[in-house]
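Tertiary structure, described
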There are 2 protein chains.
Amino acid sequence: MDRSETSTAVPRPWKSFRVRQRDGDAKRVAVLETAAHLFLERGYRSTSLRELASLLKITKPALYYYFQNKEQILVECYRAGIASIEGLLEEAELNNGNGLQRVEAYLRVYATAVVSHDFGRCVAMLDDSELSPSARREVRTLKRRIDASIRGFIEEGIEDGSINDCNPKLAAFAAAGAINWIGTWYRPDGGLSRDSIAAGFAELLTRGLARHGSAPMRKKTRKTATRRIPKQLQE
Amino acid sequence: MDRSETSTAVPRPWKSFRVRQRDGDAKRVAVLETAAHLFLERGYRSTSLRELASLLKITKPALYYYFQNKEQILVECYRAGIASIEGLLEEAELNNGNGLQRVEAYLRVYATAVVSHDFGRCVAMLDDSELSPSARREVRTLKRRIDASIRGFIEEGIEDGSINDCNPKLAAFAAAGAINWIGTWYRPDGGLSRDSIAAGFAELLTRGLARHGSAPMRKKTRKTATRRIPKQLQE
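Along each chain, numbering runs from 1 in the same order as the chain's sequence is written. Ligands are numbered from 1 and chains lettered from A, in the order in which they are written. Two thresholds apply to this predicted model, a pLDDT of at least 70 for residue-level local features and 80 or more for giving and counting side-chain atom pairs, whereas whole-chain, interface and lining totals are computed over all residues. Side-chain measures here rest on the full set of heavy atoms in the structure, leaving out hydrogens and waters.

1. Description of the overall build of chain A
The numbering of helices and of strands both runs from the N terminus, where a helix is a DSSP run of H or I of at least 4 residues and a strand a run of E of at least 2. For chain A, the count of helices and strands is 10 helices and 0 strands. When the helices and strands of chain A are read in sequence order from the N terminus, they spell out α-α-α-α-α-α-α-α-α-α. For the accessible areas, the method is Shrake-Rupley and the probe is 1.4 Å, while residue cover comes only from the protein chains on display. As displayed, chain A has an accessible area near 10,600 Å², and 49% of this comes from carbon and sulfur atoms.

2. A closer look at the relation of the copies chain B and chain A
What sets the superposition is a least-squares fit of C-alpha atoms, and only residues with pLDDT of at least 70 in both copies go into it. At an RMSD of 0.0 Å, chain B and chain A line up after a rotation of 180 degrees and a shift of 0.0 Å along the axis. Taken together, the rotation and translation relating the two chain copies correspond to the operation of a two-fold axis. Of all interface residues in chain B, 100% are interface residues in chain A too; the two copies therefore contact each other through one and the same surface. Contacts: residue pairs with any heavy atoms within 4.5 Å of one another.

3. Some details on the packing of helix H2 (residues 26–42) of chain A against helix H3 (residues 49–56) of chain A
Residues and elements named next belong to chain A. Packing of H2 against H3 leaves a shortest axis separation of 10 Å and a crossing angle of 125 degrees. Of the possible angle classes, the one that applies to H2 and H3 is oblique. Crossing angle aside, the handedness with which H2 passes H3 is right-handed. For the pair H2 and H3, contact is made by Ala30, Val31, Thr34, Ala35, Leu38 and Arg42 and by Glu51, Leu52, Leu55 and Leu56, respectively. For the contact of H2 with H3, the per-class residue count stands at 7 nonpolar, 1 polar and 2 charged. Fitting a line to C-alpha atoms yields each axis, with helices limited to the stretch in contact; the angle taken between N-to-C directions then spans 0 to 180 degrees. Roughly parallel covers angles under 35 degrees, roughly antiparallel covers those over 145, roughly perpendicular covers 65 to 115, and oblique covers all other angles. It is the rotation of the near helix from the far one that decides the hand of a crossing: anticlockwise by less than a right angle makes it left-handed, clockwise makes it right-handed. Residue type decides the class: Asp, Glu, Lys and Arg count as charged, Ala, Val, Leu, Ile, Met, Phe, Trp, Tyr, Cys and Pro as nonpolar, and the leftover types, Gly among them, as polar.

4. What about the pattern of salt bridges?
It is possible for side chains of opposite charge to pair when their charged atoms get near one another. Residue and element names in this part refer to chain A. Put simply, a salt bridge is a Lys or Arg side-chain nitrogen that is within 4 Å of an Asp or Glu carboxyl oxygen. Under the definition given, this model contains 12 salt bridges over all chains. Among the ionic pairs, Arg102 bridges to Glu156, the shortest N-O distance being 2.6 Å. Of this pair, Arg102 sits in helix H6 (residues 99–116) while Glu156 sits in helix H8 (residues 133–160), and the two are 54 residues apart along the sequence. Salt bridges sharing partners connect three or more residues here, namely Arg28, Glu76, Arg79 and Glu138.

5. Here we look at the interface of chain B and chain A
How big an interface is tends to be expressed through the accessible area that disappears when the partners come together. In this assembly, 32 residues from chain B lie in contact with 32 residues from chain A. Summed over both sides, the interface of chain B with chain A buries roughly 2,800 Å², with 65% coming from carbon and sulfur. Contact with chain A buries surface across chain B, with B:Leu170, B:Trp181 and B:Arg207 losing the most and accounting together for 24% of the total. N or O atoms closer than or at 3.5 Å make up a polar contact, with two conditions inside protein: a donor-capable atom paired with an acceptor-capable one, and, for residues adjacent in sequence, both atoms drawn from side chains. At the boundary of chain B with chain A, the tally comes to 5 residue pairs in polar contact (both at pLDDT 80 or more). In this description, buried area is defined as the sum, over both parts, of the accessible area (probe of 1.4 Å) that is lost when the two are combined.

6. Considering helix H6 (residues 99–116) of chain B
Residues and elements named next belong to chain B. By this rule the span expected of a helix is its residue count minus one, scaled by 1.5 Å. If you check H6, its first and last C-alpha atoms are 25 Å apart, about what 18 residues at 1.5 Å a residue would give, namely 26 Å. Throughout this description, buried means an accessible area under 20% of the type-specific maximum (1.4 Å probe, protein chains only), exposed means over 50%, and partly exposed covers the range between. Of all 18 residues in H6, 15 are buried, a share of seventy percent or more. For H6, the N-terminal capping position is held by Asn98, with its side-chain oxygen 3.1 Å away from the main-chain nitrogen of Leu100.

7. A short note on unusual backbone geometry
Residues and elements named next belong to chain A. Even without a glycine there, the phi angle at Lys57 is positive, about 60 degrees. Mapping Lys57 onto the fold places it in the loop between H3 and helix H4 (60–66). Residue Lys57 is classed as exposed on the basis of its relative accessible area of 75%.

8. A closer look at the nonpolar core
Here, nonpolar core refers to any group of buried Ala, Val, Leu, Ile, Met, Phe, Trp, Tyr and Cys residues whose side-chain atoms link them within 4.5 Å. Of all hydrophobic cores here, the largest spans 143 residues; its most connected members are A:Ile182, A:Trp185, A:Phe201, B:Ile182, B:Trp185 and B:Phe201. Sequence-distant contacts of A:Phe201, defined by excluding residues within four places in its chain, comprise A:Ala178, A:Ile179, A:Ile182, A:Trp185, B:Leu170, B:Phe173 and B:Ala174.

9. A closer look at helix H9 (residues 168–185) of chain B
Residues and elements named next belong to chain B. Helix length check: H9, at 18 residues, gives a terminal C-alpha distance of 26 Å against a target of 26 Å (1.5 Å per residue), a fit within 8%. Of all 18 residues that make up H9, 16 are buried, and the element is covered over most of its length. Between the side-chain oxygen of the N-cap and the backbone nitrogen of Lys169 there are 3.0 Å, and the N-cap of H9 in question is Asn167.

10. Quick look at the confidence of the model for chain A
All names here are of chain A. Values of pLDDT, the confidence the predictor places in each residue, fall between 0 and 100. Mean pLDDT over chain A stands at 79; residues scoring 70 or higher make up 80%. Looking at the elements of chain A, mean pLDDT is at its lowest for helix H1 (residues 13–22), recorded as 49, and at its highest for H3, recorded as 93. In this model, residues 1–15 is a region of pLDDT below 50 whose contacts with residues beyond four sequence positions or in other chains number 38 contacts. In the model, residues 214–235 has pLDDT below 50 throughout and makes 50 contacts with residues more than four positions away in sequence or in other chains. Interface predicted TM-score (ipTM) for the complex: 0.74; the corresponding pTM is 0.76.

11. Notes on empty space enclosed by the protein
Lining residues are those with an atom within 4 Å of a point, where the points come from a 1 Å grid over the protein atoms alone and group into cavities, where a 1.4 Å probe fits but cannot get out, or pockets, open sets with protein on both sides within 12 Å along at least five of seven lines. Grid points are joined across faces, edges and corners, and a volume is the space filled by probe spheres set on the points. Counting across every chain of the model gives 4 cavities of 30 Å³ or more. In this structure, the largest cavity occupies an estimated 120 Å³ of space. A:Leu204, A:Leu205, A:Gly208, B:Leu204 and B:Leu205 are, among the 14 residues lining the largest cavity, the residues nearest its centre. Elements that contribute at least two residues to the lining of the largest cavity include exactly helix H9 (168–185) and helix H10 (194–207) of chain A together with H9 and helix H10 (194–207) of chain B. Partitioning the lining of the largest cavity into residue classes produces 12 nonpolar, 2 polar and no charged.

12. Brief notes about the packing of aromatic side chains
The rule is short: rings of Phe, Tyr and Trp, with Trp giving its six-membered ring, pair when the centres are within 6.5 Å, and they are stacked under 30 degrees, edge-to-face over 60, tilted in between. By the definition in use, this model includes 11 aromatic pairs over all chains. Here the aromatic residues A:Phe173, B:Trp185 and B:Phe201 are joined through ring pairs into a cluster of three or more. Two limits define a charge over a ring: the Lys NZ or Arg CZ must be within 6 Å of the ring centre, and within 35 degrees of the ring normal. For the cation-ring pair, A:Arg151 lies above A:Phe173, with the distance from its terminal atom to the ring centre recorded as 5.8 Å.

Next up, the structure:
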């Protein structure tokens, strides 16, 4: 294994995770899944590699075959979450519809990722204040891409008249924040289904943006079959 | 100083903080302010009491005169934030208006607290996963009071017809989450003023709730002069 490829400062986060997925490195993914769960359950700091290895029934040195250190594991969880959101965005076919419809579809995808798996929750919840400067820089760049995507669609909506005149930066922060926060209260065994949370949040948050007199937002997220990803997420 | 009064399991959080404020314990408040700032800047775990004492130009034993341990300082920061929100709510005179107007006024107050000082940000941002069970229980109870207040006003709004039929639990989580998240991106020297953030968020988040055909939300938060606090925050 080429260690340089797994440095925390890898400049091509999406690609590197996807290449590894294609390589079918199932053990590596199992490490990440267990780590993501532990980080979310008890905090990054309180999770030890010894405990992680023990849960996976492997030795601590075996962990170091896959990852250089705990920080790298956290960054990789984050990359996995972003890759999953990207996959969901492709399925959601975001390239049709007006700005408002695209904002709603994007928010629904993002909320779905946060309620569906631990990697999605890592993207939403990760506290990057304890990371090294280079890892923090990478994680913040990934986070900013999400805000930038939402903001881009809001700007499109203002331009095409589907979204009320507003501060796109503030509106994007409000929407992304509401969804990121889901990770703090969501429990899979709680009373709300994943779909009702994702659809409910997307609707509530876009209703606040809709230009007065716009049609209600329901039943607008199914689009035709172009499968390009939005320009904000293209590398 | 009666140590038992400052236990992390004090059952009357509001009162105990206010009594101390009346006692004019300025040094104690200075410790809390500096600690809140450090917790937010570099994380709770990474802040040491030695460093806190050094910044305050006092000895570490002197810190123990005021607080039993770091955890208690964190819980007290949280209480101070709640007390400040309570004070702002009294000023906002929330007892008039329909449910929608009260939700907007409440959200504006809450957002103002988050952007105005570190104690407000502690309420929004605090990661309670590393606290002891009793401290965590107290902090979560305080957090739930905020969600319950917002939810209560939303339910009132649905009843009085000012708010669209929706899931009040989900809507309260969305609004509180968007505001809590402000703490992750807000910088006092950023391009957005406190007032524009607080008013902008309150407006965006309540527009999403407003029943179709309701009047726009601006200029509705000034009320007449009753100064009771909402029932959700009364002890």
